[in-house]
Amino acid sequence: MTCNSDIDRLGLSVTTPGGSSGTADGRHNSLEDINLDQFLKTSNYEDTVKQLDIYYGIVKRQLLRYQSPITGLFPVMSTDQVVGSVRDSVYCASAVWSLYQAYRRIDDDRGKSYELGQSTVKCMRGILECWVKQASRVELFKQRQSNQHALHSKFQLHTGEKIYPDEFYNHLQIDCVSLYLLFLVQMITSGLQIIYTHDEVAFVQNLVYYVERAYRTPDFGMWERGSKYNNGTPEIHASSIGMAKSALEAINGCNLFGEKGASWSVVYVDIDAHNRNRSIFETMLPRESSSKGVDASLLLTLSFPAFASHEDRLVEQTKQNVVNRLRSKMGFKRFTRDGFLSKNEDKTRRYYHSGELKEFEGLECEWPLFFIAMIIDGVFKNNNEQIEEFQNDLRRCLRTDANGDPVVTMYYAPDGDGSYMRAPSQSLFLWGQSFFIIAQLLTAGLLHINELDPIRRYLPSYNRPRRAGRYSAFQGTATDLVVQIVLIAESMRLQAMMATYGIQTQTPHEVEPVQIWSSTELIKVYQHLGVNNKVGLSGRPSRPVGSLGTSKVYRICGMTVLCYPLIFEVSDFYLYRDMALLIDDIKTELQFVGKYWRLSGRPTVCLLIREEHMRDPQFKEMLDLLAMLKKGYCDGMKVRIGRLQNLISSSCIEHLDFMNQSDLTDNENAFSQINHEYIGYQSLTDVPKALTYVEEKVSVAQHFDKKPTPDIINALRNTDSIYCLCQLWGILLNREGPHFEVNGLNVNTALTQLYHRAGSLRYWRAVRYCSSLLHHIVDSISPFITTVLVNGKELTVGIIGQKETVFDKPMTPAEIQNVMYTSVQPYDVIQAVLQQEVVLYCGRLIATNPSMFRGILKIRIGWVLEAMRIYLQISGQQSIDVDNLSPFQVRILLQKVLTVSEWATEEKLTTLQRRQLEGCLCRVPKHFYNKIWEILQRTPQGILTQGHHLPATPTLTNMSRGELTFNLLVEETLICIDRPERRQITVELLCIVATILNRNPELHFKQVLDLDGIVAEAFFMYCKDNNIQQQPQPQPQQQQTQTEDLKAFYSLPYSETTGYLARAAVNKVLQGGVFSTAEEDVQLDGDHLHDDNCKVS
């Protein structure tokens, strides 16, 4: 299969970096930024030239021979004359470029270096030209990330025209565009001129917008198939997010014209988008996606070429996970149950049938490509043992072609009998050949890692060479980071009053010529970035600027600007009116900025103090917070309050050089100072406080709903109750529409006025009612939903007893708004906004305290609110209505019910109360879903509870243990149980059954496992033991009506219910179970369940 002489001359006889004379010292120091010139002096110049010429011949014969002379693209396979692949083209270009880099050390290469460089440029420009033709797609994708608007990843090889329509191929592959951007920066940094015109600069800037939302865009991933079920469903992939994160880091502040570039050829990156990609990527690891627990694509994301994370423990854990679970004799599997090109795959069908994955188990193709990836990884880590180990593995997968050149087999398909079918030998797999050439150049000492990675992605950002210039650069986490704080008072009157409490502030006049802007003004400036009318591109989409973006100081057309954060924006949504929430948000904001700041220079946060804050009853707490900040710390975070003029020199300064003076609007929108003739208040006691409004809750909506409109108008004129007014205007809104007028005032205006009036009075019930009628939506709710999703949870909104809507993929604000006002508001007006609040708080909490959600798979917001109501009843606060709590009180109450296990004993909760709260949350113990898998393996008829059946077949064949889809199926079964305490008892019962089966491997159930029957029998035993009069033991069909009677049983301590449930379960086993005999030799391993084991004894 191999011709050793040819392979050995290329250094394939397990050449380690340290084993090549003259390069050993340099190799051992390769992780440091050493003097390259010294490293490049090889001991034998002629030998180097000779070796490079050998590789030049291989590159010409194996790669450049198949490059299209027209588009510069490469196919996937050398025999393909029709389809050019973007991803494979980038990898081919990277191999050609790496040889170009190696040749640059030679004095006279006879034009080879120039040819290789230009071949690289041709390929990269060819891809760019194909995509520029699809600029309209980029424009649509910026607004809505969907497959219909995705840039194509396959083109006609020789014309660059589209070849596969969207409905026939999954083009949405975020990692593909990210890979292109990453190598574009590497190649430009090495000196190649790839981008020629201003139009192309604008297009690349728009490619940045294209990948910025990778963290919330389900795509089809590196393997182009989406979910492992191959049913046309995209999903969020860690490898795509990691590639995007790397690309954003690489291209931020990069001048696309290289060293000769102008200020307008610089690319800008939204640091908050980068941070979301980073945090969500690292949260997902070591998983690849919800259906793929482990995937070889993560090797390419965490090592060469992306080096997407430098969290060493996490990176090592993920790599080991891939190596341990996917490594095989002839390569790595891409992921478990991967049917692509396998023996059992039906090549005529695009998608698989349900349950078909089981047929591919143990027959997944093995790809030598990943042996090469591990060799390259070993070179970057300077790990000679790893290089040697995987080179030995690779030797088994090499053959030679007609020219005597080494060829890496594309894949090996196991035939099920211990041998393999090899990929057809007449065609070269160009991606594999490209990686092989790069690995060989590295291990032979012909190419240094700093030449393959000129921007030093392999180093943590704080060890990379600092890029001199006017633009922000990533530098990693600073060990002694200080968050700078500027306090801006709205008026001199407010400033004077603050000074009496020892808190020094500045007014907008005092910070001049620096201007204080809202972040919405910054959005307008950024909308000019990337605009190009010729290509049909608008600028940055109007996405909000996040906490990190507002912590920079901006230079715009000669002006210096500081923006205040989103939490100080006066928005349509009512949360900004709650001072306690604002105080909590300020602390969270400072903690967030301090934790995730990665740029050079210090973050500068502008805290805005408005006059309306001063009138708030809780303003004293705001003063206490500012006094704490003055001492230099905020919950352990170093802070420094100072005058803006003194802090600018140490700030992170971003120059927005793309703006023209003519594009800039007048600065009348800058935050302006309020001037009073009377300087006034000396202390808080002088300030007139906002009134606190109290009224009895009166619901009139049902009473007036059927009455004629004149009666409603009459009632409007004769009531003073704000809440009654809200309801009456609401009836008119639904009946007559928003423009219906009463006394010259239309419905919409009246509701808006009522909303602001209730807001100033802090009458939260009325505020929420009006807000819902006006169809308000929480600002920036989408990222919080995405944060929940990537933490392996799902969200549902809806009223208990009505159909819930599941958020199982990221959604746009418009989609969320539609859901809230079509599936929630018709049943409960206030819940349409209250559930948005709870979604927002869940997103914030799971980002900072994921342990609060441990054991909860699906966060059902309706049930979470039910848990809050139960807690208010338990704690003797029945008179308090959740609808009328302040937003801050709702957040505190949410934290309370999520942490019930921490305080239940201290607050002396009864067992029933704990079961009610935990049952509302549907929280389950550790390894619970694995236990259900094991029960199903021993229960061929499945599990039944309250009329809902969880079948063993096809569940066990379609799914795999530990898979998110299986866990969600079990959770759906539990949520069908209508009472939370009954739900929790059922969870306890299933754990007991699992324990019994685990301790008695010879047992399994012949009949369906009827959980209601076991609970009923346990209750019957309890009544018998305690001489309680009870109705005759119910039959299964009657059991659903018995729930109320079981309250005494639900109230028993855990130890007692465990005893009764265990006895009842054992009885069930004895009645309907089966003992397998030794002759049957029962096999109950991993995923196999044999029907012939389920015989009646």
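Right, let's walk through the structure included here. Note that this is a predicted model, so its numbers are computed, not measured. (Residues numbered from 1 in each chain as written. Predicted model: local features only at pLDDT ≥ 70, side-chain atom pairs only at ≥ 80, totals over all residues. Heavy atoms only, no water.)

Some remarks on the packing of helix 30 (residues 813–824) against helix 31 (residues 831–848)
Piece 1. The geometry of helix 30 relative to helix 31 is characterised by a closest axis approach of 9 Å and an angle of 135° between their N-to-C directions. Relative to helix 31, helix 30 is oriented oblique. Like other packed secondary-structure pairs, helix 30 and helix 31 cross with a definite hand, here right-handed. On the side of helix 30, the interface is formed by Met820, Tyr821 and Val824, while helix 31 contributes Gln831, Ala832, Val833, Gln835 and Gln836.
Piece 2. Taken together, the residues of the contact of helix 30 with helix 31 sort by class into 5 nonpolar, 3 polar and no charged. (Axes fitted to C-alpha atoms, helices over the stretch in contact; angles between N-to-C directions. Helix = DSSP H or I, 4+ residues; strand = E, 2+ residues; numbered from the N terminus. Parallel < 35°, antiparallel > 145°, perpendicular 65-115°, else oblique. Left-handed = near helix turned anticlockwise from the far one by under 90°. Contact = heavy atoms within 4.5 Å. Nonpolar A, V, L, I, M, F, W, Y, C, P; charged D, E, K, R; others polar.)

Quick word on the packing of helix 26 (residues 722–736) against helix 28 (residues 764–773)
Piece 1. Viewed as axis vectors pointing N to C, helix 26 and helix 28 meet at an angle of 10°, and their least axial separation amounts to 9 Å. The orientation of helix 26 relative to helix 28 falls into the category roughly parallel. In this structure, helix 26 contributes Ile722, Tyr723, Cys726, Gln727, Gly730 and Leu733 to the contact, and helix 28 contributes Arg765, Ala766, Tyr769, Cys770 and Leu773.
Piece 2. Grouping the constituent residues of the contact of helix 26 with helix 28 by class yields 8 nonpolar, 2 polar and 1 charged.

Quick look at the sheet that holds strand 23 (residues 1009–1010)
Piece 1. Strand order in the open sheet formed by 3 strands is 21-20-23, and the pairing between neighbours is mixed. For this open sheet the edge positions go to strand 21 (948–950) and strand 23, each flanked by a neighbour on one side alone.
Piece 2. In terms of strand pairing, strand 20 (residues 943–945) meets strand 23 through 2 bridges, oriented parallel. Counterpart to Leu944 in the pairing with strand 23 is Asp1010. (Pairing = 2+ DSSP bridges.)

Comments concerning the state of the cysteines
Piece 1. The full count for this structure, using the stated rule, is 0 disulfides.
Piece 2. As a non-bridged cysteine, Cys130 has Cys123 as the owner of its nearest cysteine sulfur, 9.7 Å distant.
Piece 3. Assessed through its relative accessible area of 3%, Cys130 is described here as buried. (Disulfide = S-S within 2.5 Å. Buried < 20%, exposed > 50% of the residue type's maximum accessible area, 1.4 Å probe, protein only.)

Looking at the packing of aromatic side chains
Piece 1. A complete count under the given rule lists 39 aromatic pairs for this structure.
Piece 2. Geometrically, the ring pair formed by Tyr91 and Trp431 is stacked, given 4.8 Å between the ring centres and 10° between the ring planes. One end of the pair, Tyr91, is in helix 5 (residues 86–103); the other, Trp431, is in helix 16 (residues 430–443), with 340 residues separating them in the sequence.
Piece 3. A relative accessible area of 1% places Tyr91 in the buried class.
Piece 4. Consider the rings of Phe307 and Phe380, whose centres lie 4.9 Å apart with planes at 65°: the pair is edge-to-face. Taken together, the residues span a long stretch of sequence, with Phe307 in the loop between helix 12 (297–302) and helix 13 (312–326) and Phe380 in helix 14 (residues 369–381) at a distance of 73 residues.
Piece 5. Take Phe380: its relative accessible area is 3%, and that puts it in the buried class.
Piece 6. Lying over the aromatic face of Tyr723, Arg765 brings its terminal NZ or CZ to 5.6 Å of the ring centre.
Piece 7. Lying over the aromatic face of Trp863, Arg983 brings its terminal NZ or CZ to 4.2 Å of the ring centre. (Phe/Tyr/Trp six-rings, centres within 6.5 Å; stacked < 30°, edge-to-face > 60°. Lys NZ or Arg CZ within 6 Å of the ring centre and 35° of its normal.)

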